[in-house]
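# Report on the structure
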Amino acid sequence: MTAPVRLSPNSALDVRSQFPAVGDWHYLDSAATAQKPQAVIDAITEAYARDYATVHRGVYQRSSEMTGRYEAARTAASKLVGGQPNELVFTRGATEAINLVARQLPKDGRNRVLLSQLEHHSNIVPWQLAGYEVDAVPLTPDGCIDLDAAEVMVTDEHRVISFAHVSNVLGSILDAKRAAEIAHAKGALLLLDGCQAVPRLPVDVASIGADFYAFSGHKLYGPTGIGCLWGRYDLLNALPPWQGGGSMIDRVTFERTTFLDAPMRFEAGTPHIVGTVGLHAAIDWVEGLSLEAIHAHESALVAEARAALSGIDGVTLYGPEDSAGIVSFNVDGVHPHDTATILDDVGVAVRAGHHCAQPLMDVLGVPATARASFAAHSDSSDIEALVCGIEQVKRIFG
Ligand code: PMP
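Note that the structure is a prediction, hence the values are computed from the model and not measured.

This part is about the site of the ligand. Every residue near the ligand is listed here: A94, T95, H120, S122, N168, D193, C195, Q196, S216, H218 and K219. Residue T95 places a side-chain N or O atom 2.5 Å away from an oxygen atom belonging to the ligand. For the ligand, whose free accessible area comes to 390 Å², the fraction covered by protein is 85%. Broken down by class, the residue content of the shell around the ligand amounts to two nonpolar, seven polar and two charged.

Pasting the structure below:
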């Protein structure tokens, strides 16, 4: 592990130089997917070029070594969120993790789920598909989930409260501990969609009191196609298997099959072996910097960006002042797709659209927003380029 590096908005170059695909490109779309540091790229390359073999089945040495690395990645991923290795299921991503819980959790006579108005479609549609009635907690004026309202809305018909730990549009940070208390007071479970939190904040499921926690590797500087579901072991091990196949069984006959315990029960088939190696390298990389430092770095950039953008006439900002690494905005009279296209022309990549949060767009009363999102490699030059680009947008549309 590398020594902790202090990040500040103007001294992130040593970090930036570790991202070969960034260079002098102003990549402000890390909330969609993070660019990869060289350490992650090297780990993936070496795993294929030197160490590759299957896991959990081979008796030869390389396979048993790869199995050790697969399980070491599980340990690292569980530790990252403050859990135990046997509580951590590898999935394709956060989407699959939430689908697993929504489909497999017995309803126990409770047919409702309490979500919020800022949820990503990945934390809405799986519940609808699983037959839940959905209630949505409103937001405070600055765009946080209104937990006072949640406390009033939750009833003993709610099986689950499922909230984003950090909003992918507004960057608002949930008071997750209070959300857990609200859920548990009514006998409901708390699932947190940690997709945007895990790359930006230290997370500890034990001190939060969460029941399930979902996140994706690719937003955490790791590869796509690998993600995690952490679940309290008693809950996880009580869920029935959802996909059948190799690696998840204890004994198979034509009459009857018995299954392994969690987490293996939920990992049918050959897994994304090298994905877990890349994820592990990514976890080591963020821990080398420290999530506290990344959070402080991104918070300083958010403050700088919000101050600069609010000084431009006709720019509307969404979300709270203390958002985690994400700034959504609109330029009056300009569709965000046009804003993003002009920004692209000047080398600034922002996301424009509904951000897979259409109900939130309805609440904000806009069809879409533009979104700048930061990462450990971001620095003030990205904000300067963003501001110049927006001035260009205003000149073109002015
Ligand atoms: N939840 C949130 C808050 C997200 O930002 C995203 C990704 N945009 C997801 C869930 C879904 O993640 P994935 O596509 O990696 O499964």
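Read on, since the account is not over.
The next thing to look at is the domain arrangement of the protein. Partitioning the protein into structural domains gives domain 1 (16-36 + 290-392) and domain 2 (42-288). When each unit is reduced to the centre of its C-alpha atoms, the spacing between domain 1 and domain 2 is 27 Å. In this assembly, domain 1 packs against domain 2 so that about 2,800 Å² is buried in total across both faces, 60% of it on carbon and sulfur atoms. Between domain 1 and domain 2 we count one salt bridge in total. Elements supplying a minimum of two residues to the side of domain 1 that touches domain 2: α11 (291-310), β12 (326-331), α13 (358-364) and β15 (369-373). Ranked by the residues each element gives to the side of domain 1 that touches domain 2, the list is headed by α13, at six residues.

So, about the side chain of E87. Its place among the elements puts E87 in the loop between α3 (61-80) and β2 (88-91). Reaching out from E87, the side chain makes a polar contact with the backbone nitrogen of Q84 at a distance of 2.8 Å. Each residue touching E87, except ones within four places of it in the same chain, is listed here: L229, W230, G231, R232, Y233 and L236.

Attention shifts here to α3. With 20 residues, α3 ought to run about 28 Å at 1.5 Å a step, and its terminal C-alpha atoms sit 28 Å apart, in line with that. Among the residues of α3, those classed as buried are S63, M66, T67, Y70, A73, R74, A76, A77, S78 and L80. Looking at the buried residues of α3, the elements they touch are α2 (38-49), β2, β7 (212-216), β8 (227-231), α10 (273-289) and α11. Positive backbone phi, approximately 85 degrees, marks G82, located one or two places after α3.

Parameters at a glance
- Residues numbered from 1 in each chain as written.
- Predicted model: local features only at pLDDT ≥ 70, side-chain atom pairs only at ≥ 80, totals over all residues.
- Heavy atoms only, no water.
- Near = heavy atom within 4 Å.
- Polar contact = N/O pair within 3.5 Å; in protein donor to acceptor, adjacent residues only side chain to side chain.
- Areas by Shrake-Rupley, 256 points an atom, 1.4 Å probe, with all protein chains shown as cover.
- Nonpolar A, V, L, I, M, F, W, Y, C, P; charged D, E, K, R; others polar.
- Domains from an automatic or database assignment.
- Buried area = accessible area lost by both parts, 1.4 Å probe.
- Salt bridge = Lys/Arg side-chain N within 4 Å of Asp/Glu carboxyl O.
- Helix = DSSP H or I, 4+ residues; strand = E, 2+ residues; numbered from the N terminus.
- Contact = heavy atoms within 4.5 Å.
- Expected span 1.5 Å × (residues − 1).
- Buried < 20%, exposed > 50% of the residue type's maximum accessible area, 1.4 Å probe, protein only.

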